[in-house]
Amino acid sequence: MKSRNSPGAGGNGDPAPGANGGAKPKRTIRNIVLAALLGIALAAGGFLFSLAQIWNTQTAKTEISAAPESPAQTATTKPPPTRKPAPKPVKPPPPPTLPMNILLIGSDHRKGDAPAPSGLPNQRADVLMLVHLAADGKHAYGISLMRDLWVTIPGYGEAKINSSLEQGGMPLAVRTVESLFGQRIQHAVMIDFEGFRGITEALGGVDVNNPVEFTASFDTHQHFPAGVNKLEGQRALEFVRERYAFADGDFHRVANQQLFLRSTLAKLLSARTLTNPVTLYKLVNTASKYITVDKGLNATALASLVYSLRNVRMQDAVFFTLPTAGFGTSTDGQSIILPDYGAAAAVGAALGKDRVGQYAATLGK
């Protein structure tokens, strides 16, 4: 089964190929889609890889136990039943090279959208998150980037960071974030609106404790009361995309995205999901239709990566937003978010030294 072969991604309606680290999109096969779930919930991939193997084993065992007896075998001298050979033990993949940086991209692309002037899909990024996997294999950090952050896009000049996807696809988005932090990004994963809806439905919805009541300002105008909301499909999409309902706009939206990701991770790590091979297979089967990954994430690299995350616990998955210098206006009149270059440099240094946890601990002090 193949995944979407989209060369870029983008965000919702706000007005160069060649990335370091081989982040060139390509079509992928079914076992590669396990990494797509990383784009939804950081550390769950390791469990999914392991349990996909368990599912195969359980299927084989079921076939053996359910094999009917033939009429001849009901005779007094019934021969012993023919049994299928037991499945061979699945060896763990070799460990990946850590630490590692992965760019997660949520595209606003919808089926039927006309191409952009560049000839690439007409899409920008509703979600940009840099995931840092620590060298110890036990800690993961998600760094959200504001979609309206005003940055230098290599080869195109200053613009909102989400426009890098429309101008040069996933490779240019990777180069742009690399330039911001001065650090190499090894891999990239992208999902669009249709895929987001499909995967949340395959998961059976996610319970999110919403701190602020609001009504979405677009599409079907879903209402989200304060307290626990079950989110899936279109309802989940409107929860993570809304910003106009909040006084702090995109900052609140990013906080909701992080809240949704943490809740999704909690469900993926729950015993109910981990012990349900039908749910796991449905997730993999659905994700394969929508996910784009970079060229370097082949089956071997993915198996190695996701298996290495099996020991990440909920409390060891930390999310934060890259600090900014507030709101501003560009020379051509766009409402933008001003970069805090000191913060970007500090995060870049933390990434380079594998000390993102120490940096995250200083925020809010």
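That block above? That's the structure.
Remember, it's a predicted structure, so these values are computed and weren't measured experimentally.

As a further point, take the overall build of the protein. Secondary structure assignment for the protein yields 11 helices and 15 strands. Counting all 365 residues of the protein, 52% fall into the buried class. When the accessible surface of the protein is split by element, carbon and sulfur atoms take 55% of a total near 16,300 Å².

As a further point, take the pattern of salt bridges. Overall, the coordinates contain eight salt bridges when judged by the stated rule. The salt bridge partner of Arg313 is Asp316, with a shortest N-O separation of 2.9 Å. Each of Asp126, Arg147, Asp148, Lys160, Arg241, Arg243, Asp250 and Arg253 takes part in salt bridges that share partners, so that together they form one network.

Another point: the nonpolar core. Leu103, Ile105, Ile143, Leu149, Phe181 and Leu322 are the most contacted members of the largest nonpolar core, which has 38 residues in total. Looking at this core, the elements with two or more residues in it are strand S2 (100-107), strand S3 (125-133), strand S4 (140-144), strand S5 (150-153), helix H3 (163-181), strand S7 (187-191), helix H10 (341-353) and helix H11 (356-362). Broken down by element, the residue count for this core peaks at eight residues, all from H3. Grouped together as the second largest cluster of nonpolar side chains are 20 residues, Met100, Met129, Val189 and Val293 included.

Right, let's get into the pairing of strand S14 (residues 324-329). The side chains of a regular strand alternate, residue by residue, between the two faces of the sheet. Both S14 and strand S15 (residues 335-339) contribute to a ladder of four bridges, which runs antiparallel. Residue pairing in the sheet places Gly328 in a bridge with Ile336 of S15. The turn joining S14 and S15, which pair antiparallel and follow one another in sequence, is formed by five residues; a positive phi near 90 degrees is taken by Gly333.

What follows covers the packing of aromatic side chains. Taken as a whole and judged by the stated rule, the model has seven aromatic pairs. Ring plane angle 40 degrees and centroid distance 5.8 Å describe the contact between Phe214 and Phe239, whose orientation is recorded as tilted. Placement of the pair is Phe214 in strand S9 (residues 214-215) and Phe239 in helix H5 (residues 233-241), with a sequence separation of 25 residues. Between Phe320 and Tyr359, the aromatic rings sit 5.8 Å apart at their centres with planes inclined by 50 degrees, giving tilted as the arrangement. Residue Phe320 is located in strand S13 (residues 317-321), and its partner Tyr359 is located in helix H11; the two are separated by 39 residues in the primary sequence. On the basis of relative accessible area, Tyr359 is assigned to the buried category, the value being 13%. Ring pairing ties together the aromatic residues Phe214, Phe224, Phe239 and Phe246, which thus form one cluster. Across from the ring centre of Phe218, 4.7 Å away, lies the NZ or CZ of Arg241, which sits over that ring.

So, how was this worked out
- Residues numbered from 1 in each chain as written.
- Predicted model: local features only at pLDDT ≥ 70, side-chain atom pairs only at ≥ 80, totals over all residues.
- Heavy atoms only, no water.
- Helix = DSSP H or I, 4+ residues; strand = E, 2+ residues; numbered from the N terminus.
- Buried < 20%, exposed > 50% of the residue type's maximum accessible area, 1.4 Å probe, protein only.
- Areas by Shrake-Rupley, 256 points an atom, 1.4 Å probe, with all protein chains shown as cover.
- Salt bridge = Lys/Arg side-chain N within 4 Å of Asp/Glu carboxyl O.
- Core = buried A, V, L, I, M, F, W, Y, C linked by side-chain atoms within 4.5 Å.
- Pairing = 2+ DSSP bridges.
- Phe/Tyr/Trp six-rings, centres within 6.5 Å; stacked < 30°, edge-to-face > 60°.
- Lys NZ or Arg CZ within 6 Å of the ring centre and 35° of its normal.

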